[in-house]
Amino acid sequence: MSSDEPQQRGSGSEKPEGWAPREPVDTPATPETSSEAPGSPEGKGGKKGKKKRPKRKGWRRIFPTWRMVLGGFILLILLCVGGFVAGYMIVDIPPANAGATAQSNVYLYADGTQLARDGEVNRENVPLSQIPKEVQHAALAAEDRDFYSESAVDPKAMIRAAWNTVTGKGKQSGSTITQQFVKNYYLGQEQTVTRKAKEFFISIKLDREVSKNDILSGYLNTSYFGRNAYGVQAAAQAYFGKDVKKLNTAQGAYLATLLNSPNAYDVATHPENKKRAEGRWNYVLDGMVKEGWLSASERARTKFPAPKEAKGSSGLSGQRGYLVQAVEDYLTANDIVDEDTLAKGGYRITTTLQKDRQDAFKKAVDDQVMDQVDKGARKVDRNVRAGGASIDPATGEVVAMYGGIDYTKQYVNNATRRDYQVGSTFKPFVFTSAVENGSVTQDGRTITPNTIYDGTNKRPVQGWDGGTYAPENEDDVDYGNITVSTATDKSVNSVYAQMAVDVGSDKVKDTAVDLGIPESTPDLTASPSIALGPSTASVLDMTEAYATLANHGKHPTYTMVAKVTKDGQEVELPEKKTAQAVSREAADTTTSILRSVVDGGTGTAAQAAGRPAAGKTGTAEEDKAAWFAGYTPELATVVSVMGQDPKTGAHTPLYGALGQPRINGGAYPAQIWAQFTKEALADEPVQDFDLELEQGADEPVVPDPSDVTEDPATGGAATGGETPGQDQGQTQGQDAGQTQGQDQGQTQGQDQGQTQGQDQGQTQGPTDGGATTDGGAADGGATADGGAAQGGQTEGSTADGGTADDGGALGGLTDNSATRRRGEPAAR
């Protein structure tokens, strides 16, 4: 090598032995790979660096990296731990709250005068040693089976309960017995995040400082069991009349059942809930077997216990206790105040009840029924019960209620109980549904008040694929072909069962619910029998539904409470709304045929109210209850007289009660209704019904010549139960005031064309409407010897084709009712 050649930097002038030059790599130089790239470590004489991470592009940028997720999770854990530590250090176990001794609730009439004050707390603490193991285990099986082995709180149960509540599977507390005791004894019942947080930390501290036995003892002595009973000792006395130490397994399991919902599972107060209570009771016993606290053989021998009839406190005697109970049920059912919180007291509750009307209702029941009771002469009179309710149709406000003879003697509220069949008072809902849905008969005729139906006794319904159904008419009477209006007047079962099929029993049920009948009503099933009223809606439920009819199909929010305050703060009430439940034509056309029931059907006793009225009678199976449901334009009222054994609580027939062979809706219930309505509206001007009827509702029936048959009694012609030339109520040669032993105030031969001797509706004894008087004169019906029928026909008046001489009224409509079709002006 010459001296002029430059030497390699950093190397000697000579190469090591065996050295050979590297083969060149055929790779293009790029900024990333070239050693000459700006900033390259090699370009600066350093080592080759790592490849850069490509930037996140597109949709990937909206998602956090795993590092971010991990960091956030760790931060969340640190925050939770820190929060837990801080909460545990800050929250101390407080002294027992003032609510451990409940205050009184004050109930007021609508005018502000005091209705009732619910009294002192009924509580008696007992040590755990005096509570039988069976009772303790029953409570654990019902509320917290892992109490002795679990921690004070159960996060999984709390999350599960929250999820079930959010997803609509029902409200659940998710609380352990420890948490429930803390809520009862140290805190309150308010549903707030602050209270739940305090409950959480106090429960944990308490579980570390107090034994499980002490917590269970405190829980059993502070829990509310209903009937104003706080603690298991008070509950044992309230439900079984004995000390807790004498309770057996069945009774202990029943008290444990009450812990979940005291009022709902009190089968003496709410007989309709017995199946639900038995289901919960079985759940408790099965849990005891599962946990090894009860043998299977003993479980099999255990029978559901019947709690004794409740007795109200002396401060709630008379009607006051029933009213307070109904208001409390309203508050809890509408989630205004929960049951436990209300039981703690301190609320001032202004009701919608009006004192003058409340007094009038009681007087009407006493005058018409209770003063007629003679328990010494008639044993069955001991079973007589009565219930009633009245609602302002325009506002939905309950203005009066009759619950029973005395809350301290008969604890069950007869106005709100749901265990007596409503009978034929349900039939108007079938017709309303027919008009609402534009229903037709099996042969395609639109159903109107004048549509002809076959009223033959035990006639099998047509068009139903559920099997043979052929209902009996009352007293097995055959009516033959009659109009819907007449079938309503006479409460003909065969007609209305067929109509339910024509309309669709599912649609009938929907209409009843829309009007105000609770969908959960027992035996409210979609079948032809729905028309005959086997369902057991309460008197109050039926009043709400009839009030909707009275209000032209508009259903305002039903309410019993005008205002609620606590410690000066007003409690929020449900928003008042009015919905058009059914069309005006449907409601008003129903009103038109119910007017006919009062004018000349089974409800003529209601005429004593002295006002235009519409109504329907009803009788439960075996005459265990009799109903009258009716309304004027201003007031809707329902009354029921019921039979119940005072010792066993069993429903009993009313045959022979009050000295009568039988009790029908057109007798005592209608008489109570009339007296109350007359007094309740005494200071208000008389109003007529303003009705808009469905198309064809006031058109006369033109007999089909093919339907003419020979009358076996007279040898003349009879068309579907009507004599030729008669217009639904006009007689042919008959004296308009003579009766033939009918109890419905109908004249001989005058019942929509029926002649003497026909078997199509005329009977020699009482029907669905009421009692007869001596000689067959109708009670509240027509007068004798040419007197005008009292069934709503006005002498010399005309209505849709009736002549002045006849005094007839088509379909029972009289000239004192303003009726019109849609678009026609109201009559003046």
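On a predicted model such as this, the values are computed, not experimentally measured, just so you know.

**Considerations on the overall build of the protein**
Logical step 1: Within the protein one finds 20 helices and 20 strands.
Logical step 2: Looking at the protein as a whole, 53% of its 828 residues are labelled buried.
Logical step 3: Within the protein, contacts between residues separated by at least 24 positions form 70% of all contacts whose residues are at least 6 apart in sequence.
Logical step 4: A total of about 38300 Å² of accessible surface is found on the protein, and carbon and sulfur atoms cover 49% of it.

**Remarks on helix 8 (residues 249-258)**
Residues three or four positions apart in an α-helix share a direction because the helix packs 3.6 residues into each turn.
Logical step 1: With respect to burial, helix 8 is a largely interior element, ten of its ten residues being buried.
Logical step 2: Every buried residue of helix 8 is listed here: Thr249, Ala250, Gln251, Gly252, Ala253, Tyr254, Leu255, Ala256, Thr257 and Leu258.
Logical step 3: Looking at the packing, one finds that the buried side of helix 8 touches helix 2 (133-143), helix 7 (232-240), helix 9 (274-290) and helix 10 (296-301).
Logical step 4: In this structure Asn248 caps helix 8, since a side-chain oxygen of it lies 3.2 Å from the backbone nitrogen of Ala250.

**Things to note about the pattern of salt bridges**
Logical step 1: Taken as a whole, this structure holds 22 salt bridges when the rule is applied.
Logical step 2: The shortest N-O distance in the salt bridge between Asp419 and Arg417 comes to 2.8 Å.
Logical step 3: In this structure, a network of salt bridges that share partners links the residues Glu474, Asp475, Asp623 and Arg662.

**A few points about unusual backbone geometry**
Logical step 1: In this structure, Asp476 takes a positive phi of about 55 degrees despite not being glycine.
Logical step 2: Within the fold, Asp476 resides in the loop between strand 8 (452-454) and strand 9 (481-483).

**Examining the sheet that holds strand 15 (residues 625-631)**
Logical step 1: Pairing within the open sheet is antiparallel, and its five strands lie in the order 7-6-16-15-14. The sheet terminates laterally at strand 7 (397-402) and strand 14 (614-619), the two strands that pair on one side only. Here the strands of the sheet are splayed against their neighbours by 10 degrees on average, with no regard to which way each runs.
Logical step 2: Here strand 6 (residues 384-392) pairs with strand 7 via five bridges, running antiparallel. Residue pairing for strand 7: Ile391 is matched across the bridge by Val398.
Logical step 3: Running at roughly 35 degrees to strand 7, helix 13 (residues 355-368) makes contact with strand 6, strand 7 and strand 16 (636-643) of the sheet.
Logical step 4: Along the sheet, helix 19 (residues 584-600) makes contact with strand 14 and strand 15, crossing strand 14 at roughly 70 degrees.

**Some points on the environment of Asn481**
Logical step 1: Within the secondary structure layout, Asn481 lies in strand 9.
Logical step 2: Separated by 14 residues in the primary sequence, Asn481 and Val495 place their C-alpha atoms 9.4 Å from one another.

**Examining a nonpolar patch on the surface**
Logical step 1: Taken together, the side chains of Trp66, Leu70, Phe73, Ile74 and Ile77 make up a nonpolar region of the molecular surface, amounting to roughly 530 Å² of accessible area.
Logical step 2: For Ile77, the location among the structural elements is in helix 1 (residues 66-90).

**Focus on a negative patch on the surface**
Logical step 1: On the surface, Glu436, Asp506, Asp510, Asp514 and Glu519 cluster together into a patch of negative charge.
Logical step 2: The greatest single-element share of the negative patch, amounting to three residues, is contributed by helix 17 (residues 505-515).
Logical step 3: Topologically, Glu436 is positioned in helix 14 (residues 427-436).

**Overview of the side chain of Thr302**
Logical step 1: Residue position: Thr302 is located in the loop between helix 10 and helix 11 (320-333).
Logical step 2: Looking at Thr302, its side chain comes within polar contact range of the main-chain oxygen of Glu298, at 2.7 Å.
Logical step 3: Not counting residues up to four positions away in its chain, the partners in contact with Thr302 are Ala250, Trp281 and Leu285.

**What to know about the pairing of strand 16**
Logical step 1: Extensive coverage of strand 16 is indicated by the burial of eight of its eight residues.
Logical step 2: Bridge count for strand 6 against strand 16 is eight bridges, and the pairing is antiparallel. By the bridge assignment for strand 16, Ile391 is matched with Ala636.
Logical step 3: Judged from the seven bridges that link them, strand 15 and strand 16 form a sheet pairing that is antiparallel. The partner of Gly630 across the bridge, within strand 16, is Thr637.
Logical step 4: Here strand 15 hands over to strand 16 after four residues, the two strands then running antiparallel side by side.

**Things to note about the environment of Lys183**
Logical step 1: Residue position: Lys183 is located in helix 4 (residues 177-185).
Logical step 2: On the basis of relative accessibility, which here comes to 16%, the residue Lys183 falls in the buried class.
Logical step 3: Residues Lys183 and Ser203, spaced 20 residues apart in sequence, show a C-alpha to C-alpha distance of 9.2 Å.

**Quick notes on the pairing of strand 5 (residues 347-351)**
Logical step 1: Burial within strand 5 is extensive, with four of its five residues counted as buried.
Logical step 2: Two strands pair when backbone bridges link them, and strand 1 (residues 106-108) and strand 5 are joined in this way by three bridges, in the parallel orientation. Residue Val106 lies in a different strand from strand 5, and its bridge partner there is Arg348.

**Regarding the nonpolar core**
Logical step 1: Membership of the largest hydrophobic core comes to 88 residues, with the highest contact counts inside it found for Phe429 and Tyr496.
Logical step 2: At eight residues, the largest contribution of residues to this core is made by helix 18 (residues 539-550).
Logical step 3: Residue contacts for Phe429: discarding those within four places in its chain leaves Thr511, Ala512, Leu515, Ile517, Met542, Ala545, Tyr546 and Leu549.
Logical step 4: Formed by 45 residues, the second largest nonpolar core is a distinct cluster that contains Phe240, Ala250, Val284 and Leu294.

**A closer look at the packing of aromatic side chains**
Logical step 1: In total, this model carries 15 aromatic pairs according to the counting rule given.
Logical step 2: Ring geometry for Phe426 and Phe429: centres 5.0 Å apart, planes at 75 degrees, overall edge-to-face. For the residue pair Phe426 and Phe429, the accessibility class agrees, reading buried in each case.
Logical step 3: Here the aromatic residues Tyr239, Phe240, Tyr254, Trp281 and Phe304 are joined through ring pairs into a cluster of three or more.
Logical step 4: The side chain of Arg145 reaches across the aromatic face of Tyr283, ending 4.5 Å from its centre.

**Some thoughts on the packing of helix 8 against helix 9**
Between two packed helices, the angle of one axis relative to the other and the distance separating the axes together describe the packing.
Logical step 1: Viewed as axis vectors pointing N to C, helix 8 and helix 9 meet at an angle of 115 degrees, and their least axial separation amounts to 9 Å. Considering how the two elements wind past one another, helix 8 and helix 9 form a crossing that is right-handed. In contact with Thr249, Ala250, Ala253, Tyr254, Ala256 and Thr257 of helix 8, helix 9 contributes Ala277, Arg280, Trp281, Val284, Leu285 and Met288.
Logical step 2: Residues of the contact of helix 8 with helix 9, tallied by class, amount to nine nonpolar, two polar and one charged.

**Description of the sheet that holds strand 5**
Logical step 1: With mixed pairing, five strands are arranged side by side in an open sheet as 2-1-5-11-12. The sheet is open, and its two edges are formed by strand 2 (114-117) and strand 12 (569-570), each paired on a single side.
Logical step 2: In this sheet, strand 11 (residues 561-566) lies alongside strand 5 in antiparallel orientation, the contact comprising five bridges. For Thr350, the partnering residue across the bridge sits in strand 11 and is Lys563.
Logical step 3: The sheet contacts of helix 11 involve strand 1, strand 2, strand 5 and strand 11, and relative to strand 2 the element is tilted by about 80 degrees.

Conventions adopted
- Counting starts from 1 at the beginning of each chain's written sequence and moves along it residue by residue.
- Note on the predicted model: pLDDT of at least 70 is required for a residue's local features to be given, and 80 or more for side-chain atom pairs to be given and counted; whole-chain, interface and lining totals, by contrast, use all residues.
- Think of the side-chain values as coming from all heavy atoms in the structure, minus any hydrogens and water.
- Numbering of helices and strands runs from the N terminus; a helix is a DSSP stretch of H or I covering at least four residues, while a strand is a stretch of E covering at least two.
- Any residue under 20% of the maximum accessible area for its type is buried, any over 50% is exposed, and the rest in between are partly exposed; the area is computed with a 1.4 Å probe on protein chains only.
- A contact between two residues is defined here by any heavy atoms of the two lying within 4.5 Å.
- Accessible surface area values rest on a Shrake-Rupley calculation with a 1.4 Å probe, where residue burial reflects the displayed protein chains alone.
- The definition of a polar contact used here is a pair of N or O atoms within 3.5 Å, where within protein one atom must be able to donate a hydrogen and the other to accept one, and adjacent residues in sequence count solely through side-chain atom pairs.
- For salt bridges, the criterion is a side-chain nitrogen of Lys or Arg within 4 Å of an Asp or Glu carboxyl oxygen.
- At least two DSSP bridges between two strands are required for those strands to pair.
- The axes used here are C-alpha line fits, helices contributing only the stretch in contact, and every angle between their N-to-C directions lies in the interval 0 to 180 degrees.
- Like-charged residues are merged into a patch within 9 Å and nonpolar side chains (Val, Leu, Ile, Met, Phe, Trp, Tyr) within 5 Å, provided each residue has over 30% relative accessible area and no salt bridge.
- All tallies of charge rest on Lys and Arg as positive and Asp and Glu as negative; His and the ends of each chain are not included.
- Here the site of a charge means NZ on Lys, CZ on Arg, CG on Asp, or CD on Glu.
- We call a set of buried Ala, Val, Leu, Ile, Met, Phe, Trp, Tyr and Cys residues a nonpolar core when their side-chain atoms join them within 4.5 Å.
- Only rings of Phe, Tyr and Trp enter the pairing, Trp through its six-membered ring, and a pair is recorded when the two centres are within 6.5 Å. The plane angle decides the type: under 30 degrees is stacked, over 60 is edge-to-face, the rest tilted.
- Sitting over a ring, as applied to charges here, requires NZ of Lys or CZ of Arg to be within 6 Å of the ring centre and within 35 degrees of the ring normal.
- Crossings are assigned a handedness: left-handed for a near helix turned anticlockwise from the far helix by less than a right angle, right-handed for a clockwise turn.
- For this scheme, ten residues count as nonpolar: Ala, Val, Leu, Ile, Met, Phe, Trp, Tyr, Cys and Pro. Four count as charged, namely Asp, Glu, Lys and Arg, and the remainder, Gly too, count as polar.

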